[in-house]
Amino acid sequence: MDLILLAEMIGAAVAAALLYTIIGIIPGTDETAVLVPVTLILVLAGVQPVVVLCFFISAVIANNLMDAVPAAIVGIPGGVMASPLVDHAQLLKRKGMADRSLRKMAAGSLIGVLVSVPVSLLLARSLIPLAEAIKAYANPLFFAGAVLLALLSKNKLLALASILPFTLLIEGLRYLYWGIGIVPRGTTVFISFFLGITIGPVILTLFELLNKEKRERLTCDQPRRITLQKVPFEWKSLNPFQALKKQEWVTSAGASLISCFTFILSPVGMTTLLGELFSKRTQDPVERSVLAITTMNALANATYLSGTLIPLIALGIPLSPVAIGPAHALFDAPPVFTTTHNMHHILSQTDFILATVIGAGVALVVTYTLAIKYAQSICAFVFKRIPHEAILGLFYAFVLLLAYMDAGWMNIGGVMLIGLVSGLLHRWGVGYGILFMVLYAAPWLVSGF
């Protein structure tokens, strides 16, 4: 590996850390919606695969670390992965401990990265001999994954009942496109359908705004006020082991280790489950909340990194909710990547290790320092100067552009239809992971009838 490529990797990691430090702190942004379009654009632009991977690893860590900041300061989750933190963070905020919870969250994220990176790399290598056997049953495994995630969700019956209708919607649109000649028969429209699911809640909300009665119910008499308390910075707070008690860093490390072996399960589900499980024995409510937010932040990064690296290195197919969601462009981004020719087939073990270490190292140095020292200033800047709607509008425009590139003008309507249905299902409690796995398993499911 030459020095120019190494410099490009470091530059990509720094750019991702800075970009997603800002994006991660914006309330209400979904990890999949903000990670997939940018990663996909880099892949389609012809950026070196090892540079893209380095960018993605840094982006994941920065985004997951920073989206906990609004939860700690104002009780608003920056993204989906920060949602389990809100109740605990609000309790600590009411006790005047927002600064303490912020440092605990950042330190927990760091522990999660330090544990999950080496464990994921080792576990991936151990699964390589089994890769062909696993790939042979990929389609049934996607369907089984959808059923398993449905059974683990809150609305089990709804999630299970939605699998077949959503399958028919996906395959129905594909057969329609073939029938009227939009794309050649046998061509699988995938990327735009995937992005339609990703941005489904946004599409649903935009259509709801066309309803006059709905708009009238959303009127607001005065701007929302958010109060930020200024917290003094101390350099010693950068030491994560000084910010955490022994129980907190041991629990965070243990939970992160376990989550690496459950990479096939929902990251939000595992973060909530293990975070609550490891903290519930603590009697004092304040200490229980501190332990919960620390552990959950460690799990947020551990689940994402293991869910990306293990399928990517060992299998080359997106056999996890993270791989099939936020990391999808690393596996399948035609015409550059397909499930039979992607980073798994192009990069060496050394490339994977180097890209992961550089991406993780840069993100930790940049974002961890910014989160501890400047989190409140960044938070205030984002709330005042960066409209949430502008970010969502940008990503929505990316989706429409890629939908047109995939199958022309009619596919924009198809993507909107998928977005409406998936957005409604998501609002009712059907997780993204279920819908993504159905998208992969749809051709196999339909062929069984």
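Just above sits the structure.
Here we summarise the structure given alongside this text. Please read all numbers here as calculations on a predicted model, not as lab measurements.

**Topic: the packing of aromatic side chains**
Applying the stated criterion across every chain yields a total of 5 aromatic pairs. Aromatic pair Phe143 and Trp444: ring centres 6.0 Å apart, planes at 50 degrees, arrangement tilted. Within this pair, whereas Phe143 is found in helix α8 (residues 138–152), its partner Trp444 is found in helix α22 (residues 432–447), the two being separated by 301 residues in sequence. For Trp444, a relative accessible area of 34% puts it in the partly exposed group. Judged by centre distance (6.2 Å) and plane angle (55 degrees), the rings of Tyr177 and Phe193 are tilted. Of this pair, Tyr177 sits in helix α9 (residues 156–179) while Phe193 sits in helix α10 (residues 191–198), and the two are 16 residues apart along the sequence. Taken as a pair, Tyr177 and Phe193 share a single burial class, namely buried.

**Notes on the pattern of salt bridges**
Summed over all chains, the structure comprises 4 salt bridges. In this structure, the salt-bridge partner of Glu248 is Lys104, at a minimum N-O distance of 2.7 Å. On the criterion of sequence distance, the pair formed by Glu248 in helix α14 (residues 246–260) and Lys104 in helix α6 (residues 98–127) is long-range, its members being 144 residues apart. Note on accessibility: Glu248 and Lys104 belong to one class, buried.

**What to know about the environment of Met437**
Assignment of secondary structure puts Met437 in helix α22. In this structure the C-alpha to C-alpha distance between Met437 and Ala146, which are 291 residues apart in sequence, comes to 5.5 Å. Excluding anything up to four places from it in sequence, Met437 contacts Phe142, Gly145, Ala146, Leu149, Ile264, Ser320, Pro321 and Ile324.

**Regarding the nonpolar core**
Counting residues in each nonpolar core, the largest one holds 144 residues, and the members touching the most others are Tyr20, Leu53, Phe166, Phe193, Leu330, Met343 and Ile434. Core analysis: the second largest hydrophobic core is formed by 5 residues, Ala255, Leu265, Met270 and Leu274 among them.

Rules used in this analysis
Residues numbered from 1 in each chain as written. Predicted model: local features only at pLDDT ≥ 70, side-chain atom pairs only at ≥ 80, totals over all residues. Heavy atoms only, no water. Phe/Tyr/Trp six-rings, centres within 6.5 Å; stacked < 30°, edge-to-face > 60°. Helix = DSSP H or I, 4+ residues; strand = E, 2+ residues; numbered from the N terminus. Buried < 20%, exposed > 50% of the residue type's maximum accessible area, 1.4 Å probe, protein only. Salt bridge = Lys/Arg side-chain N within 4 Å of Asp/Glu carboxyl O. Contact = heavy atoms within 4.5 Å. Core = buried A, V, L, I, M, F, W, Y, C linked by side-chain atoms within 4.5 Å.

Nothing here speaks to function; it is all geometry.
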